[in-house]
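Listed below are the residues making up each chain.
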Amino acid sequence: MSICDCVDGDLLVIKAIFFLYFAGNACIHPYISVYMKQLGLLPSQIGVIKSGGDLMSVILKPVIGSIADKTGRPKIVAVLTVTLASALHFSMLFFPAVPVSTAASRATVQQRHLAEPVKSDTQSWFSLTFWLFFWIIFISHGAQWSSVSQVEAATYQIIKKNQRGEFGRQRVFGSVGYAIFALLSGVAMDTFTEQTSPAESPGNKTSPDIPGNKSDYSVAFYMFLSFMVLSVTCLLFLKDWSTTRPATGYMKAMGKLLSQLHLIIVLFVVLLVGACDGAGETYLFLHLKNLGASQTVLGAYLFVKNASEVPFYVISGWIIRKLGHATAIGFSFVPLGVRFLLYSFVSDPWWIVGVDTINGYHAVTWAAATSYASISAGDDLQAFAQGLVATTFYGLGHTLGNLVGGPVFQRYGAVVFFRSFTVSCLVGFLLYWLLYRCFAKKDDPTVRHPDTGEDNETKSPLVPAVDVVESESLRPGAFLRGGSVTNRAGEDIGFLRLVKPQQN
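Attention in this report is confined to the structure presented alongside it.

**Let's talk about the overall build of the chain**
Now for step 1: Counting its secondary structure elements, the chain contains 21 helices and 5 strands.
Now for step 2: Within the chain, the proportion of its 504 residues that are buried is 55%.
Now for step 3: Counting only carbon and sulfur atoms, one obtains 67% of the accessible surface of the chain, whose full area is about 22300 Å².

Next comes the structure, spelled out in C-alpha cells:
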C-alpha cells in the first residue's frame with residue numbers, strides 16, 4: 001500500500017481549514033476587548049457589545065445550520081457565511097475612537113486617577129464608536145462561528161463515511177494555528193506600536209493602561225484577512241459533505257432531538273461552562289492590561305493556552321472512551337474553577353502564562369460535547385446539532401457570562417470577579433451531577449447499561465471502521481477473525497470478533 005493510500009484527502013483539507021480559520025481568528029478575536037478599550041469604550045459597554053453579538057449568534061447559528069441541512073448545500077452556506085463575516089470583522093479596523101472630554105484631556109499623568117471618573121461620567125452610551133461596534137459584532141459574530149459548526153459536522157460525516165480518523169485529531173490543527181498566530185500577532189502589534197511620551201498624550205487618551213503607548217492593531221487585522229481568504233479557498237476545494245438529497249421531515253426530527261432530556265442536561269453544562277469561558281475571555285485581558293501587560297504577554301498567554309489543548313485533542317478519543325461522555329463533560333468544571341481561583345492571585349501579568357497550562361482539558365470537553373450531540377442526532381441533523389452546541393456555548397453562555405461579569409468586574413474588581421466564578425464552577429458541577437444521575441443516565445445514548453447489557457444507541461448498527469485485520473490468511477469457508485467497530489459518529493468503540501462455530 002502506498003503512502004498516498006494512507007492519507008485521506010478530505011480529512012487533509014479539513015485539517016487545513018481548521019488551521020487557517022483559527023489562525024486568522026487568533027490574530028484579532030482575542031484582542032477585540034482591549035482594542036475597544038483603546039478606542040475609549042468602558043468595560044460595561046464592552047460587555048454589552050460582546051453580549052449583543054453572542055445573543056445574535058443564538059439565533060443565527062441554528063438558523064444557518066438548519067438552512068445548510070434543509071437545503072442539502074452546507075458547503076455553499078459555509079463559504080458565504082465566512083466571507084460575509086470576515087468582511088464585517090475587517091471593517092472594525094476603520095472605526096473612530098471615542099471623543100475624549102475636555103476635562104479628561106487636560107488631566108496630567110499624575111492625575112489620571114481623577115481623570116478617569118470624569119470620562120466615565122460624561123461619555124455617552126450613544127457614541128458613534130459604540131454603535132458601530134455593537135451592530136457589526138451583532139450581525140457578524142453568529143455568522144462567523146456558525147461556519148465552524150458546519151465544518152465540525154462535515155468532519156463527523158466524513159469520518160463516518162470513510163471509516164477512518166477521529167474528530168480530536170482533526171480539530172487539534174485549529175488549536176495549533178490559534179496558538180502560533182495568537183503569539184505572532186501579539187509580537188507584531190508590539191513591534192509596530194508607536195512610542196510616545198506622556199506629555200504628547202495628555203490624559204493618555206489612546207491607552208489608559210500603558211502611558212504613552214498606542215498599539216497598532218492594523219497588522220493583526222491584515223493577518224486576519226489573509227488567513228480568512230485562504231480558509232475560504234480551502235472550503236471551495238473540500239468535497240461537498242451534504243446528504244444525497246435535502247432533508248425531509250426536518251421539523252419533526254428537530255423537535256424530537258430537542259425533546260431528549262439527556263441532551264438538554266448536557267447542553268445545560270455547555271451553557272455554564274460557556275458563561276465562565278466568555279467572562280474569562282472578555283475580562284481577563286482587561287485585568288492584565290490594568291496590570292501593565294503588553295501585547296506580547298497577551299500573545300504568549302494565548303499561545304500557552306491553546307498549545308496546551310494540542311495533546312488533549314490527540315488523546316481526547318481515548319479519554320472519552322475511558323471516562324465516558326457524561327463524566328468527561330462534567331469534569332470540565334474542575335480545571336475551569338482552578339484557573340479562575342489562580343487568576344485572582346495574579347499580580348504579575350507573566351504569571352498568567354503559567355496558570356493556563358491547565359486549560360488543555362477544554363479540548364476534551366469540546367470533543368465530548370460535539371460527539372454527544374452527533375450521536376444524539378440523525379444524519380440529516382448533523383449541522384443543526386453542532387450549531388446547537390456552539391450556540392449554547394458561545395451564544396447563550398458567553399452572553400450570560402458577559403452580562404453578569406461586566407457589572408461585577410467594574411464595581412467590585414478582578415479579585416471578587418474571578419473568585420465568584422470559581423464558586424459558580426463548584427455549584428455547576430454539583431447541579432450537573434444531580435441532574436444527570438436523576439434524569440439523564442438511563443437515556444444516555446453513549447453508554448451501555450450493565451442491567452440490560454444493551455447500548456442505548458440503537459438507531460444505527462455498528463459498522464467496520466477499517467479494513468479487517470486478519471491474524472492469518474482466510475481459507476475458504478473461514479469466518480472473520482477481527483476488526484474495529486465504530487458508533488455513528490465515527491469513533492472507535494470496540495473490537496469485533498466473529499468465530500466459526502464448532503462442528504458437532
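And the narrative resumes.
**Considering the packing of helix α4 (residues 43-71) against helix α5 (residues 74-90)**
Now for step 1: It is at 8 Å that the axes of α4 and α5 come closest, and there the two elements cross at 145°. Residues I64, I67 and A68 of α4 lie in contact with α5, whose contacting residues are P74, V77 and T81.

**A closer look at the side chain of T370**
Now for step 1: Relative to the helices and strands, T370 resides in helix α19 (residues 362-376).
Now for step 2: Its relative accessible area of 0% is what places T370 among the buried residues.
Now for step 3: Discounting residues that sit within four places of it in the chain, T370 has contacts with E152, Y156, F167, Q386 and V389.

**Side note on the side chain of S175**
Now for step 1: Here S175 shows up in helix α9 (residues 167-191).
Now for step 2: Under the relative-accessibility criterion, S175 is labelled buried at 1%.
Now for step 3: Beyond its immediate stretch of four places on either side in the chain, S175 contacts N306, E309, V310 and Y313.

**Brief notes about α4**
Now for step 1: For α4, which comprises 29 residues, the first-to-last C-alpha distance of 41 Å matches the rise-based estimate of 42 Å (1.5 Å per residue) to within 8%.
Now for step 2: Just downstream of α4 lies G72, where phi reads positive at about 70°.

**Some words on the pattern of salt bridges**
Now for step 1: Summed over the entire model, instances satisfying the criterion amount to 2 salt bridges.
Now for step 2: Across the pair E281 and K50 runs a salt bridge whose closest N-O atoms are separated by 3.6 Å. With E281 in helix α12 (residues 261-290) and K50 in helix α4, the pair connects residues that are 231 residues apart, well separated along the chain.

**Overview of empty space enclosed by the protein**
Now for step 1: Tallied over the full model, the rule gives 11 cavities of 30 Å³ or more.
Now for step 2: Computed from the structure, the largest cavity encloses a volume of approximately 360 Å³.
Now for step 3: Taken together, 23 residues make up the lining of the largest cavity; nearest its centre are Y178, E281, K305, N306 and Y394.
Now for step 4: Those elements that place two or more of their residues in the lining of the largest cavity are α9, α12, α13 (295-307), α19 and α20 (382-412).
Now for step 5: The element best represented in the lining of the largest cavity is α12, accounting for 5 residues.
Now for step 6: Here the lining of the largest cavity is composed, by residue class, of 10 nonpolar, 8 polar and 5 charged.

**Points about the packing of aromatic side chains**
Now for step 1: For the coordinates displayed, the defined rule picks out 34 aromatic pairs.
Now for step 2: Aromatic side chains W131 and W135 sit 6.5 Å apart centroid to centroid with 25° between the ring planes, which places their arrangement in the stacked category. Placement of both W131 and W135 in helix α8 (residues 128-162) is noted, with a separation of 4 residues, approximately one turn of the helix.
Now for step 3: Aromatic rings pair up to connect Y283, F340, Y343, F409, F417, F418 and F421 into one cluster.
Now for step 4: A cation sits over an aromatic face here: R171 above F22, 4.1 Å from the ring centre.
Now for step 5: Taking NZ or CZ as reference, R419 lies 4.6 Å from the ring centre of F345, over its face.

**Some points on the environment of Y217**
Now for step 1: Here Y217 is to be found in the loop between β2 (213-214) and α10 (218-237).
Now for step 2: Sequence separation between Y217 and D190 is 27 residues; the distance between their C-alpha atoms is 9.2 Å.
Now for step 3: Setting aside its immediate chain neighbours within four residues, Y217 contacts I28, Y31, V34, Y35, Q38, L93, M189 and Q295.

**Comments concerning the environment of Q38**
Now for step 1: Looking at where Q38 falls in the secondary structure, it is placed in helix α3 (residues 32-38).
Now for step 2: Relative accessible area serves as the criterion here: at 9%, Q38 is assigned to the buried category.
Now for step 3: In this structure, the C-alpha to C-alpha distance between Q38 and S215, residues 177 residues apart in sequence, is 8.2 Å.

Each value, and the rule that gives it
- Just so you know, the residues in each chain are numbered from 1, in the order the chain's sequence is written.
- Per-residue local features are limited, in this predicted model, to residues with pLDDT of at least 70; the limit for side-chain atom pairs, both in listing and counting, is 80 or more; totals at the level of whole chains, interfaces and linings are taken over all residues.
- Based on all heavy atoms of the structure, the side-chain values leave hydrogens and waters out of the count.
- Every helix listed is a DSSP run of H or I at least four residues long, and every strand listed is a run of E at least two residues long, numbered separately from the N terminus.
- Burial classes follow relative accessibility: with a 1.4 Å probe on protein chains only, a residue under 20% of its type's maximum area counts as buried, one over 50% as exposed, and anything between as partly exposed.
- Computed with the Shrake-Rupley method and a 1.4 Å probe, the accessible areas treat only the protein chains shown as cover for residues.
- Between the N-to-C directions of two axes lies an angle of 0 to 180 degrees, each axis being a line fitted to C-alpha atoms and, for a helix, fitted only over the stretch in contact.
- Note on contacts: a residue pair qualifies if any of its non-hydrogen atoms lie within 4.5 Å across the two residues.
- To estimate the expected span of a helix, subtract one from its residue number and multiply by 1.5 Å.
- Take a side-chain nitrogen of Lys or Arg and a carboxyl oxygen of Asp or Glu: if they are within 4 Å of each other, that pair is a salt bridge.
- The method works on a 1 Å grid over the protein atoms by themselves. A cavity is a set of points holding a 1.4 Å probe that cannot get out, a pocket is an open set with protein on both sides within 12 Å along at least five of seven lines, and residues with an atom within 4 Å of a point line them.
- Grid points are joined across faces, edges and corners, and a volume is the space filled by probe spheres set on the points.
- Polar here means any residue outside two lists: the nonpolar Ala, Val, Leu, Ile, Met, Phe, Trp, Tyr, Cys and Pro, and the charged Asp, Glu, Lys and Arg; Gly therefore counts as polar.
- Side-chain rings of Phe, Tyr and Trp, where Trp is taken by its six-membered ring, are said to pair if the distance between their centres is within 6.5 Å; with planes under 30 degrees apart they count as stacked, over 60 as edge-to-face, and otherwise as tilted.
- Charge over a ring is defined by NZ of Lys or CZ of Arg lying within 6 Å of the ring centre and within 35 degrees of the ring normal.

In short, shape yes, function no, at least from these values alone.
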